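A closer look at the structure
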Amino acid sequence: MEKKGQVTLFVIIALIIVVSGTLVFTLSGGIRSLSDAENNPRLFLKDCVEDTLENFVYNASMNGGSLNPEFYHDYYGSKVEYLCSASRNYASCVVQRPFIQQYMEEELTKAIEPKLMSCIDALEDNFKGKNFQVSSEFKGYNVSILPKRISLNVNYDLSLVKTETNRYSEFTINLNNNLYELVGVARSIIEWETLLGDAEIKEYSAIYHDLDIRKNRVEDEVKIYTIEDRRTKDKFQFATRSFVFPPGLN
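Bear in mind that the values here come from a model prediction, so they are computed numbers and not experimental data.

Moving on, we get to the pattern of salt bridges. Inspection of every chain in the model, using the stated rule, returns 10 salt bridges. Across the salt bridge formed by D157 and K139, the nearest N and O atoms sit 2.7 Å from each other. Here K139 lies in strand β4 (residues 133-146) and D157 lies in strand β5 (residues 149-161), a separation of 18 residues in the sequence. On the accessibility criterion, K139 (47% relative accessible area) is partly exposed. A salt bridge links D198 to K223; the nearest nitrogen and oxygen atoms lie 3.4 Å apart. Taken together, the residues D198 in the loop between α4 (179-196) and α5 (201-207) and K223 in strand β9 (residues 222-229) connect sequence positions 25 residues apart. The partly exposed category is assigned to D198, whose relative accessible area is 28%. Members of the salt-bridge network, linked through shared partners, are E193, D198, K215 and K223.

If you want it as structure tokens, here you go:
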């Protein structure tokens, strides 16, 4: 009995050591991650900018590509822009934004500028506070919508000098987002809208198995198309308006 009691005691002590070691490793890992972000300029800029860029992408995607739409349909709180709208009665729609991907890239590039510049200032202040000699040159930036990702490319040269010199350039922040494909499908739907005043979404669903494509006719002539990636839940929606009847006619 005494030996069994000793064995049990050793087992309990061993479990305590293993659990304690796991906790220390987990906590120290978290501390290292924070430290890495504070001491790595690439991680610092990414952590500072990423959430704001994601919010801009989400808002633009829900609004038909615009952050501040002017010609839109109010759809469950979202101002969904008309990407195709009839210019006269009894006619199919006319494309309102022929280059929607380029337009969105420009929208996102303009919107992120204040946050990006603020984050660059914070990055340099962070390293100056750690007694680094900081020199830099900001040359420009842009947002690109690419297959499977959205990239913020920052042309920024940074030099950090302390006991040694570290130089950085070409900062890139990537979002895991399939907006490129969603917008491509939207363009195709709009082409059918211009030709026939409607698009058959079942044909798209048969081709794009990973996408959930929906059409909601909210008024006789107004439709909201929603394209969603089933895996990532990325979404893009837009409005169309075709075959408008004069007031008083059905």
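On to the state of the cysteines, then. Tallying each qualifying case throughout the model produces 2 disulfides. Covalent S-S linkage joins C48 and C119, the inter-sulfur distance amounting to 2.0 Å. Between C48 and C119 the disulfide shows an S-S torsion of about -80 degrees. By sign, it is left-handed. Taken together, the residues C48 in helix α2 (residues 41-62) and C119 in helix α3 (residues 100-128) connect sequence positions 71 residues apart. Among the residues examined, C48 registers a relative accessible area of 22% and is labelled partly exposed. Two residues share a disulfide in this structure: C84 and C93, whose sulfurs sit 1.9 Å from each other.

It is worth spelling out the environment of R167 at this point. Examined against the element boundaries, R167 turns out to sit in strand β6 (residues 165-168). When its relative accessible area of 69% is taken as the criterion, R167 is described as exposed. Sequence separation between R167 and S135 is 32 residues; the distance between their C-alpha atoms is 9.6 Å. For R167, the residues in contact, after removing those within four places along its chain, are L158 and S159.

What follows is about the packing of α2 against α3. In contact at an axis separation of 9 Å, α2 and α3 are set at 155 degrees when each is read in the N-to-C sense. Judged on the interaxial angle alone, α3 and α2 are roughly antiparallel. The two elements α2 and α3 cross, and the hand of that crossing is right-handed. Contact residues: α2 offers P41, F44, L45, C48, V49, T52, L53, F56, V57, A60 and S61, while α3 offers M104, L108, A111, I112, K115, L116, C119, I120, A122, L123, N126 and F127.

The geometry of α3 relative to α4 is characterised by a closest axis approach of 10 Å and an angle of 140 degrees between their N-to-C directions. By the criterion of interaxial angle, the relationship of α3 to α4 is oblique. For the pair α3 and α4, the contacting residues are I100, Q101 and M104 in the first and L179, Y180, V183 and R187 in the second. Residues of the contact of α3 with α4, tallied by class, amount to 5 nonpolar, 1 polar and 1 charged.

Taking 1.5 Å of rise per residue, 18 residues should cover 26 Å, and α4 covers 26 Å from first to last C-alpha, within 8% of that figure. Among the residues making up α4, those that are buried are L179, L182, V183, V185, A186, I189, I190 and E193. Buried positions in α4, seen along its axis, are confined to an arc of 160 degrees and lie on one side of it. Along α4, the residues that are exposed and aim more than 90 degrees away from the buried face are E191, L195 and L196. Remark: G197 follows α4 within two positions and exhibits a positive phi of approximately 80 degrees.

So, how was this worked out
- Residues numbered from 1 in each chain as written.
- Predicted model: local features only at pLDDT ≥ 70, side-chain atom pairs only at ≥ 80, totals over all residues.
- Heavy atoms only, no water.
- Salt bridge = Lys/Arg side-chain N within 4 Å of Asp/Glu carboxyl O.
- Helix = DSSP H or I, 4+ residues; strand = E, 2+ residues; numbered from the N terminus.
- Buried < 20%, exposed > 50% of the residue type's maximum accessible area, 1.4 Å probe, protein only.
- Disulfide = S-S within 2.5 Å.
- Contact = heavy atoms within 4.5 Å.
- Axes fitted to C-alpha atoms, helices over the stretch in contact; angles between N-to-C directions.
- Parallel < 35°, antiparallel > 145°, perpendicular 65-115°, else oblique.
- Left-handed = near helix turned anticlockwise from the far one by under 90°.
- Nonpolar A, V, L, I, M, F, W, Y, C, P; charged D, E, K, R; others polar.
- Expected span 1.5 Å × (residues − 1).
- Arc of directions from axis to C-beta.

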